[in-house]
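# Breakdown of the fold
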Amino acid sequence: MSDSEDNDFDLVDNALDTITFAATRHGDQDEPLPFDLADVPSSVEADDALPQSQVFESIFVHQEGPQPSGRTWEQTKVQSVKLSSLARTFEMGDKATAINLLHRRTNLRIDSDLAYRPDDDMLAWDGSKHFLDFLLVVGGSIGLDVFLPNKVVDHTFSISLNLCLQRREFRPKFGKLGFDPTGCMMALGTGPSSELWLGFCPRENMEDLTVANEAPLINEKKHGDTRLSYPHFRMAVMFLAFALSQNASLPIYVMHQYGTDNNDMSKWMIKDVTNVYSQATWSLRKDDVEDLHNQIVQHWDTWVDNAPPSWKQDGWLLGRVPVAVACRYGQNQPIANFNSQANTVEAKNWHAERLYTNVRYLSMAIATDISCLRVKRWEEVPNQELIDTHRVLYDSPDPEFRQEVDLFELPHRDPETRRENNVYDESGRRIPRLHGRMSRTAKPCGLLINLETISELFSSCIPDRADMELDADDAFATEHHVIPSVNVYPQAFLRKYGHVQCNTVLPHFDPFISDIRRSTSRRPRVAATFDNDEPLHEEDDLFGDYQYDDDPIPPVLIPSTCQFYNEISHRIRPSAALHDVQQGRITSALSGAYANGPAKRSHSALVRECKMGLPHQKYNNKISLDDVPRALRLENIYIVQCDSLKPEKRNGMSIYKDIVVPLSRAWSHPNVFQALRPHLFIFAPQAFPQIYQWTSYGITALLERIWENQLPIIEAGSNPKHEIVELCSAIERTLAYAHTGNARVLATSLMRPLWLVQSLLEQGLPTFTPRVRIAASLNTPIAINASDWPTLDNMNTPAISSKRSQIITYGNDHFEAYKSAFHIELSINKLSPHVFLQFPTQERHCIVIALVALRSYIADIKTLVATGVKKECSIDAAETAVGVAGGASSNKLRLKNLQTWLACENPLGYKDKAYEHLLRCIIPDPCLYSDGLPNTSKEKLSVNEFALHICQMSRPDAPASVVAPLISTAPSTTVFRIAFARMLKYAPPDSPAAAELFVQQSYVVAANHLHIQHIPWHVVPAGTRGRPSRKPVHGSWVNLGKSTSSADKLSVGRLKHRPADLAAEASKKAQASDARAPWAVESITLQSLPDYFARDCLPDEFGLHNIDCSGDPLLQDIYQWVFANFDKRKQIHAIALLAGIYFSQILPDMFWDPKDKPHNSQLVDERSTTYAVRHLPWKPNNGSRKGSTWRTQFIAMVPAYIISVYERDSPLRAYLSKRKAFPQQWNAKNSAKGIGSLNLVRLGLAKARSSRIFKGGAPLADWVLLTSEEISSKYQELMGLLRDPQYGPFKIAVAFFGLDKAEELGASTGTYINHPSMASIAIKKRPLPDTDDDEVEIVEHKRARQ
């Protein structure tokens, strides 16, 4: 074994990564994949892709016809172009014409001589070729039965055992395992044309067949990572090494069955205790595999019982048994040959391949190629020849109604229609009476599916045979019949023609499936009145299980899914990962110019590859052969449940003859093919597959121009413009869509503004917006103004489609630097008109650039923290596996909080509990949460000092060394340097110091905007020699805020908290001491509200994101206006916010009891009515109101209601002035939560004029708003109470709700309610002298001394 291999094995045994260790064979990266229309390579899978269903829907919503000209997509004139015109353009090499067509909105018309009708009499059809495309075999007992051939001896048999494949995932997308593969599939190597796996199946699923049968199919439920965890993989390797060591003919030994330390896996390596890793693979003969199988069967339970207790603590080892799984796909092997001798040989091969007595499930993809040729003429087949071959022929395939025919009395053709008079054999298959004569050089036609009509094919109606008709209501009611869900994949920009995938097979196959079930299913184990060899009666099974109470038999055969595609896909795309035009190679070659370090080598290799030939040129080479396949491949997936087979049928020969062959030949049955035929689209041989080249020539010609234009720039060491890279990516994705029809390649955020998404879905042929300037010349083949580039948000974050390609090729660090540089360059030319409007234009430019750089810095901090936390958890993985108390749960909790923290919008702040989640993932011991984030230096910085550090380390002249808080090797360091250089262009030219101060101030504004409250810092070593490290680490942090108040003084009744609460307490403490920190009502006490309400920042809950407008445009306008125009300096705005906060504290008691309503005789005027309303007790609603206890939305909705009612310029008041009422949807949304005019009066913020107020009343008629003087008085009162930190919160509650509710609220929230000098607080509901009746007087009564 080479040194490099040895190093790989060292890595295998030492790698404690959270996922797995590196692959040890180069072939692992190119492992075969199942052919699936839904697959696309990761490099072109868009993060913002369309759902595939939208492609199908677009076929029917498209509106054809002339439209007026204009610059919008909808107003752009639609033109037509013939397919023959595109063909001539391609054959002439007229790139200019093809490229210019990309600026037209074009419908494609297919010439009549390039396509044929499906019912054309001159087409000769053939469905005799069948193939096996996929096979998955699952064992039914412990051991390796599935791997063993059904032969006594076989000197050609061997398997290649490889125990270094932990990184390999279990890839099948279809079939049945009988258990969830998540975390239990171990790749073992390869056998005869198969991948070999060991599945660690739950014992329950193995011992109880019912449990296994009820497990969902692989495609029915999404599973997790199939690979074994690191500890479980080591256990499995140790057991297999032990089993192999028992074979005297193998030089494998094991010195310690369970390692050298039973309690700590990290203290030993596998290669220290066994030599099973002394070579990369082990070649095992048949005898060796049989011996290994026997050892597994005999020793598994004993080995598990004797394993260290720490290995069994998580229950995985005790609850699993190893089961063999073999799979192969993409082999395209011919089966079901009509040559009887070949068919017999194939049946014997199936019989010899394996013994099926211990096979539980057999999943397979059976494909049939349907092809057709156009004939010159038809010749009659002699009648006697047909009679000699078939003896008896019939006039119908239906056995109930067919009649035997006399061929000599039945003419070959119908005299009137000249169509063939069909005859059928005993099995119902049509026997051709005419033989087509054609040219020797004739080529088959190209076949695709008509996507407009294909859904009709999956209906339950089956013509021509009564016993095949299905009830429309019951056809899909059984366990394995589902409502069809069809996905379409248009080809060659044709839009209406292409490939199809469905989650079930055609209903036309049900009779054939039922016949197979009846003939192969074992009898129920109950008293029977028929012979063993007698098949089940027809009524015993049609589509479902056999319903016998004593022993219900699961169906032998389960139909799963199907896909129809042209066979050429197998030639140009054996799997998703191998399609040349679907890799984004040109984009990778262009974007790699921005790469540094080792990534440069990858870039150079890609440039060389593209110089040798562009992807579409390689495709053209593949289809240049005359005999390129053009047939339509119809592929069905089936599952055979072997435990339901008759004993005499449970062998390879019977499975092949009684199941595989009938299913293969079903496509040629008239009732199936005649149903399929109208849904086919047939291209003339000269048009297919050349149509892919013709329709995409404009795209490929433009790609060639871009490459020819940019190659000299790359070779000169310069970088292409970001816009060129992204436009190239969008064009390559468009080309990929032409070849696959897969919507997952469409990056909608970029391609929709460019009109590519609309044109592909609605027209077929691609069209660019006029903003993209396309020229056929080599000098400037494509361009777009920076001001026209699509952006994602108000900060003008550029839409990017090359993300996946760059990350996979060059890494995430490369992409982050690229993205930030692009954003900076774009912000220079396209300043957002909606952000930082309070600053002059020059400062706005700088702030936006600083914001981009800091976002890159935040991304690097995320990487720093994620890497550090995952590494710490993985180092503990062995301890977790060997039973360290709490280890597993602690690591799981840390990783869960890490994922939550990474998803936070502002991860370095306090919003959305970001601080708490960061604390919980950083600190392993929950008891230390109360100390907050670790700060070994005990330092505290201001945000200005943080900005100063950035400037000093990124300035172009004499920069300081990159140390904490910056990360020297991270992309953000490069971004900071780029940002500094760009920001200097906007800085005052007075002096370098003034310019740097200008940049520094921009970083301060940006840091505040991003809520950067704490940053990673370096560790201060204690008593170490040498120069200490100044690199930031994830375990040391520094805060950027100064404390202005102490929350401890205001805390009431502090309790001893459990460790789980300490993180929240630490977060509150950090926020209270940070003057810049945002705050949330839910994270503070009502008693401490005065300190937080005085801050400039608003509570986190106060925002549109907490209100569900249900897509209603009017509601959205009202709420958006409120939050866009909120100004806390306005008195009514401050009052509204305070009212919303307090209102949220009394939930769900915001309603009233009708029994408490006074009689109308007491409501004589405004004064008495208001008095009565304010006296209503606050009670919960008797019914259930959705959302009545979610405080967050009330903090947003109540102020929004008050402000929109009071502000004359609001959309609500504008609506009121026109309609004399509030919108119905506005009333419905607010009244359901108790927000309305009645509670506005109860809060003292409005006055009631009539008894109609109890039913809402007419706005500003049955109730009126406070005057400006009254608002001012109310504001002064409430703000004065806020200045009293001890008793103010309680008195505000009294002002809003009255004494009774205020006391109740004070008791529930821990708010001070008794002043030492008070005996009580009385509230008088009588009006004060010379004041309105809504004023409340608080009277203090001193208690008499005893």
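Coordinates for the structure precede this section.
Scope of this entry: the structure provided in the associated data block. Model, not experiment: these values are computed from the prediction.

## Details of the overall build of the protein
Of the regular secondary structure elements, the protein holds 45 helices and 28 strands. Counting over 1346 residues, the protein shows a buried share of 55%. When the accessible surface of the protein is totalled, it reaches about 57,900 Å², and 49% of it is carbon and sulfur.

## Description of the packing of helix 36 (residues 1113-1125) against helix 41 (residues 1224-1231)
Where helix 36 contacts helix 41, the axes come no closer than 9 Å and their chain directions differ by 70°. It follows from the interaxial angle that helix 36 and helix 41 lie roughly perpendicular. The hand of the helix 36/helix 41 crossing is right-handed. On helix 41, the residues touching L1114, L1115, I1118 and Y1119 of helix 36 are Q1225, W1226, K1229 and N1230. Residue classes in the contact of helix 36 with helix 41 are distributed as five nonpolar, two polar and one charged.

## What about a negative patch on the surface?
There is a patch of like negative charges on the surface, built from E204, E207, D208 and E214. You can see E207 is positioned in helix 5 (residues 203-207).

## Some thoughts on helix 26 (residues 812-829)
In this model helix 26 runs 26 Å from its N-terminal to its C-terminal C-alpha over 18 residues, within 8% of the 26 Å that 1.5 Å per residue would give. For helix 26, the set of buried residues is H814, F815, E816, A817, Y818, S820, A821, F822, H823, I824, L826 and S827.

## With respect to unusual backbone geometry
Residue P689 is reached from F688 by a cis peptide bond, and omega for that bond is 10°. You can see P689 is positioned in the loop between strand 20 (680-683) and helix 20 (690-695). Cis peptide bonds are those with omega within 30 degrees of zero, and the linkage from L1147 to P1148 qualifies with 0°. Following the sequence through the fold, P1148 ends up in the loop between helix 37 (1131-1145) and helix 38 (1166-1174). Non-glycine residue R495 carries a positive phi angle of around 70°. Locating R495 in the fold gives a position in the loop between strand 16 (486-490) and strand 17 (497-502). On the accessibility criterion, R495 (5% relative accessible area) is buried.

## Comments concerning the environment of D145
With respect to the helices and strands, the residue D145 is situated in the loop between strand 4 (123-139) and strand 5 (158-161). In this structure, D145 is in contact with H293, A324 and N358, ignoring residues within four places of it in sequence.

## A word on the side chain of R1242
Topologically, R1242 is positioned in helix 42 (residues 1237-1242). Although buried, R1242 forms no salt bridge, and the nearest oppositely charged side chain, D1156, lies 7.5 Å from it. Here the side chain of R1242 touches L1176 through a polar contact of 3.2 Å, landing on its backbone oxygen. A distance of 3.0 Å separates the side chain of R1242 from the side chain of N1239, its partner in a polar contact.

## Here we look at the pairing of strand 6 (residues 185-191)
Taken across its seven residues, strand 6 has six buried, putting it largely inside the fold. Sheet topology note: the strand 5/strand 6 ladder contains two bridges and is antiparallel. Bridge pairing in strand 6 links S160 to T190. In the sheet, strand 6 pairs with strand 7 (residues 194-202) via six bridges, with the strands oriented antiparallel. Across the sheet, M186 pairs through a bridge with L198, a residue of strand 7. Linkage of strand 6 to strand 7, two consecutive antiparallel strands, is achieved through a turn of two residues, within which S193 is found at a positive phi near 60°.

## Points about the packing of helix 31 (residues 943-954) against helix 32 (residues 971-983)
Running from amino to carboxyl end, helix 31 crosses helix 32 at an angle of 90°, the nearest separation of the two axes being 9 Å. Of the possible angle classes, the one that applies to helix 31 and helix 32 is roughly perpendicular. Between helix 31 and helix 32, the residues in contact are I950, C951, M953 and S954 and F976, R977 and F980, respectively. Split into classes, the residues belonging to the contact of helix 31 with helix 32 amount to five nonpolar, one polar and one charged.

## Quick notes on empty space enclosed by the protein
For the coordinates displayed, the defined rule picks out nine cavities of 30 Å³ or more. Computed from the structure, the largest cavity encloses a volume of approximately 120 Å³. Lining the largest cavity are 14 residues; nearest its centre among them are L86, A98, L101, T695 and G698. Along the lines of polarity and charge, the residues of the lining of the largest cavity split into eight nonpolar, five polar and one charged.

The rules we used
- Residues numbered from 1 in each chain as written.
- Predicted model: local features only at pLDDT ≥ 70, side-chain atom pairs only at ≥ 80, totals over all residues.
- Heavy atoms only, no water.
- Helix = DSSP H or I, 4+ residues; strand = E, 2+ residues; numbered from the N terminus.
- Buried < 20%, exposed > 50% of the residue type's maximum accessible area, 1.4 Å probe, protein only.
- Areas by Shrake-Rupley, 256 points an atom, 1.4 Å probe, with all protein chains shown as cover.
- Axes fitted to C-alpha atoms, helices over the stretch in contact; angles between N-to-C directions.
- Parallel < 35°, antiparallel > 145°, perpendicular 65-115°, else oblique.
- Left-handed = near helix turned anticlockwise from the far one by under 90°.
- Contact = heavy atoms within 4.5 Å.
- Nonpolar A, V, L, I, M, F, W, Y, C, P; charged D, E, K, R; others polar.
- Patch = residues over 30% accessible without salt bridge, like charges linked within 9 Å, V, L, I, M, F, W, Y side chains within 5 Å.
- Salt bridge = Lys/Arg side-chain N within 4 Å of Asp/Glu carboxyl O.
- Lys, Arg positive; Asp, Glu negative; His and termini not counted.
- Charge placed at Lys NZ, Arg CZ, Asp CG, Glu CD.
- Expected span 1.5 Å × (residues − 1).
- Polar contact = N/O pair within 3.5 Å; in protein donor to acceptor, adjacent residues only side chain to side chain.
- Pairing = 2+ DSSP bridges.
- 1 Å grid on protein atoms, 1.4 Å probe; cavity = no way out; pocket = protein on both sides within 12 Å on 5 of 7 lines; lining within 4 Å.
- Points joined across faces, edges and corners; volume = space filled by probe spheres on them.

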